[in-house]
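Close look at the chain arrangement
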Amino acid sequence: IGADVQQGSENNPDNPPRIELEILGVGFAYKTWSIDYKIFTGDVSDPFSGAWEKLHQWALATRLTFTRRIDGFKFPVSLVFIDSGNDPDIVYQFTQRWQNTYPCKGFSDLKKRKNEHEDELTQSNLKRYRPIKVGEDITLYTISTVYYKNQLYNALRVPRQPQDPQKPGFCDFPVDYDERYFDQLTAEEKIIVGRQIKYDSKGRRNESTDCRVYGLCAADVFLDAELQIYRDHARAKGATKAQLMDMNHRLVIDEMTRQTAVKKR
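Here goes a summary of the coordinates provided. Sequence positions are assigned chain by chain, starting from 1 and proceeding in written order. In keeping with the predicted nature of the model, local features appear solely for residues at pLDDT of at least 70, side-chain atom pairs appear and are counted solely at 80 or more, and the whole-chain, interface and lining totals rest on all residues. Note that water and hydrogens are dropped before the side-chain values are worked out from all heavy atoms of the structure.

**Regarding the overall build of the protein chain**
- Strands here mean DSSP runs of E at least two residues long; helices mean DSSP runs of H or I at least four residues long; both are numbered from the N terminus. Secondary structure assignment for the protein chain yields seven helices and 14 strands.
- The globule rule is 2.2 Å times the number of residues to the power 0.38, and the radius of gyration it is compared with is taken over C-alpha atoms. Computed over C-alpha atoms, the radius of gyration of the protein chain comes to 19 Å, within 12% of the 18 Å expected from 2.2 N^0.38 for 265 residues, which places it in the range of a compact globule.
- Dimensions of the protein chain, computed from the C-alpha atoms along their principal axes, are close to 65 × 55 × 40 Å.
- Counting across all 265 residues of the protein chain, residues that qualify as buried make up 42%. Three labels apply to residues, based on accessible area from a 1.4 Å probe with only protein chains included: buried if under 20% of the type maximum, exposed if over 50%, partly exposed otherwise in between.

**Here's the deal with the sheet that holds strand β6 (residues 80–83)**
- Two strands make a pair as long as DSSP finds a minimum of two bridges between them. Across the sheet, which stays open at both edges, the eight strands sit in the order β10-β11-β7-β6-β1-β2-β3-β12 with mixed pairing between neighbours. Each of the sheet's edge strands pairs with one partner strand only, and the pair in question is β10 (129–134) and β12 (171–172).
- In terms of strand pairing, strand β3 (residues 32–41) meets β12 through two bridges, oriented parallel. Bridge pairing in β12 links Trp 33 to Asp 172.
- Set on the sheet, helix α2 (residues 88–95) makes contact with β1 (2–6), β6, β7 (101–107), β10 and β11 (138–144); between it and β7 the angle comes to about 150°.
- With respect to the sheet, helix α3 (residues 145–155) is in contact with β7, β10, β11 and β12, its orientation differing from that of β11 by roughly 55°. Contacts are residue-level and defined by heavy atoms, with any inter-residue pair within 4.5 Å sufficient. Fitting a line to C-alpha atoms yields each axis, with helices limited to the stretch in contact; the angle taken between N-to-C directions then spans 0 to 180 degrees.

**Structural notes on the layout of surface pockets**
- Cavity and pocket criteria rest on a 1 Å grid covering protein atoms alone: a 1.4 Å probe that fits but cannot get out defines a cavity, protein on both sides within 12 Å along at least 5 of 7 lines defines an open pocket, and an atom within 4 Å of a point defines a lining residue. Grid points are joined across faces, edges and corners, and a volume is the space filled by probe spheres set on the points. As a volume, the largest pocket reaches approximately 1800 Å³.
- As for the largest pocket, its lining consists of 47 residues, and the residues nearest its centre are Gly 25, Val 26, Trp 33, Ile 35 and Phe 75.
- Of all elements in the fold, only β2 (18–26), β3, β4 (65–67), β5 (74–76), α5 (207–236) and α7 (249–259) reach the threshold of two or more residues within the lining of the largest pocket.
- Among the elements that make up the lining of the largest pocket, the one with the highest residue count is α5 (seven residues).
- As a working rule, the residues Ala, Val, Leu, Ile, Met, Phe, Trp, Tyr, Cys and Pro are called nonpolar, Asp, Glu, Lys and Arg charged, and the rest polar, with Gly in that last group. Split by residue class, the lining of the largest pocket holds 28 nonpolar, ten polar and nine charged.
- Looking at the second largest pocket, it is lined by 27 residues, and the ones nearest its centre are Glu 120, Arg 128, Asp 224, Gln 228 and Arg 231.
- Within the residue set of the lining of the second largest pocket, elements represented by two or more residues are β10, α5, α6 (241–246) and α7.

**Observations concerning the pattern of salt bridges**
- Whenever a carboxyl oxygen of Asp or Glu lies within 4 Å of a side-chain nitrogen of Lys or Arg, that contact is scored as a salt bridge. Throughout the structure, instances matching the rule amount to 18 salt bridges.
- Across the pair Arg 68 and Asp 71 runs a salt bridge, and its minimum N-O distance is 3.0 Å.
- Through salt bridges with shared partners, a single ionic network connects Arg 18, Glu 20, Arg 180, Arg 205 and Glu 207.

**Some words on α5**
- To estimate the expected span of a helix, subtract one from its residue number and multiply by 1.5 Å. With 30 residues, α5 extends 44 Å from end C-alpha to end C-alpha; this agrees with the ideal 44 Å at 1.5 Å per step.
- Following α5 by one or two positions, Gly 238 adopts a phi angle in the positive range, close to 95°.

**Here we look at a negative patch on the surface**
- Only residues whose relative accessible area exceeds 30% and that form no salt bridge are eligible for patches; like-charged ones are grouped when within 9 Å, while nonpolar side chains (Val, Leu, Ile, Met, Phe, Trp, Tyr) are grouped when within 5 Å. Accessible surface is estimated by sampling points in the Shrake-Rupley manner with a 1.4 Å probe; for residues, cover comes only from the protein chains shown. By the counting scheme adopted, Arg and Lys are positive, Glu and Asp are negative, and His together with the chain ends is not counted. A single reference atom marks each charge: NZ on Lys, CZ on Arg, CG on Asp, CD on Glu. A grouping of Asp 176, Asp 178, Glu 179 and Asp 183 is seen on the molecular surface, where their side chains present a negatively charged patch.
- Structurally, the position occupied by Asp 178 is in the loop between β12 and α4 (179–185).

**Points about the nonpolar core**
- Here the nonpolar core consists of buried residues drawn from Ala, Val, Leu, Ile, Met, Phe, Trp, Tyr and Cys, with membership extended through side-chain atoms lying within 4.5 Å. Phe 81, Ile 143, Tyr 148, Cys 217 and Val 221 are the most contacted members of the largest nonpolar core, which has 23 residues in total.
- If you list the elements that add at least two residues to this core, you get β11, α3, α4 and α5.
- In this structure, Tyr 148 is in contact with Arg 128, Tyr 129, Ile 143, Val 213, Leu 216, Cys 217 and Asp 220, ignoring residues within four places of it in sequence.
- Among the nonpolar cores identified, the runner-up in size contains 22 residues, and Leu 21, Leu 64, Val 77 and Trp 98 belong to it.

**A word on empty space enclosed by the protein**
- Applying the stated rule across the entire model yields one cavity of 30 Å³ or more.
- Reported here for the largest cavity is a volume of approximately 50 Å³.
- In terms of residue class, the lining of the largest cavity is built from five nonpolar, four polar and two charged.

**Observations regarding unusual backbone geometry**
- Residue Pro 165 is bonded to the preceding Asp 164 through a cis peptide linkage, with omega at 5°.
- Here Pro 165 lies in the loop between α3 and β12.
- A positive phi angle, near 55°, is found at Arg 63, a position not held by glycine.
- Here Arg 63 is to be found in the loop between α1 (50–62) and β4.
- Owing to a relative accessible area of 70%, Arg 63 belongs among the exposed residues under this scheme.
- One non-glycine residue, Lys 202, adopts positive backbone phi at about 50°.
- By the secondary structure assignment, Lys 202 is in the loop between β14 (196–200) and α5.

Spelled out as C-alpha cells, the structure:
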C-alpha cells in the first residue's frame with residue numbers, strides 16, 4: 001500500500017483533508033495490478049481520530065488481506081508506506097500502530113553517499129530509496145521519485161495484449177476507476193534540463209501518482225529484504241560471490257508465484 005496525506009483546503013469542499021491510498025499488486029517483470037483505491041476524508045492532525053481512525057477501522061475490517069476471486073486465495077499486504085511530507089510527527093505516531101508500516105518522503109534524486117553500497121537497479125551514483133533511523137523506533141524511507149515516476153510512465157505506455165500473459169511492465173486496473181484517478185496518474189510531465197530529469201504536475205492534482213510511487217518503492221523494499229534472506233541462506237551454504245550476485249528479484253518472485261499459484265477447486 002502507498003498512502004498520500006492531504007491537508008486539504010477549508011475554502012474548497014472538493015479538496016477536504018484526507019488520506020488517499022492504493023492497494024497495489026506487483027508481479028513478475030514489474031507487471032502491476034491496482035487492487036483498490038481508497039479515500040478517507042476527515043481531520044488529519046490527530047493520528048487517533050478523523051481520517052486516521054477511519055483508515056484504522058478499515059484496516060481492522062479488511063485485515064489488510066484481499067481475496068482472489070477465482071480460487072479464494074488470500075493475499076496479505078506486505079508493506080505499507082505513508083507519505084510524511086506534510087506533518088511527519090503525526091505519520092510517525094500512526095505508523096507505530098501497525099506492523100510493517102513505515103513513513104516515507106519523496107525526493108527527486110538520492111545520491112549515493114560515501115561508503116554506501118551501490119544500488120543494483122540504478123546508476124552507480126543514484127539510489128532508489130534509503131532507510132533512515134528517526135530516533136530509536138522509527139525507520140523513514142526516503143524515495144527517489146524520479147526513478148519511480150520513470151518506471152510508472154514507461155509502464156503506462158505498455159499496450160494491453162488481446163490475451164494473457166501481458167508484456168513486462170503492464171499496468172492492470174479495475175474497470176470502475178473514474179477519470180479522476182487516471183487524470184491524476186498522468187498529471188506530471190517529464191522535463192529534462194541538461195542531464196537532470198524532473199517531473200512537474202504544473203499545479204494539477206497528482207495524488208494517485210504519489211500513491212503509486214510509494215507502492216512501487218514498498219514493493220522494492222520488500223523484494224530486497226526477501227532477496228537478502230535468500231542470499232544469506234546461500235552464503236551459509238558456501239555460495240560464491242558470483243552465485244550470490246546472480247540471485248535477483250526474479251528468484252523471489254518466481255518462488256512467491258509458485259506459492260500463490262491458482263489452485264483448482
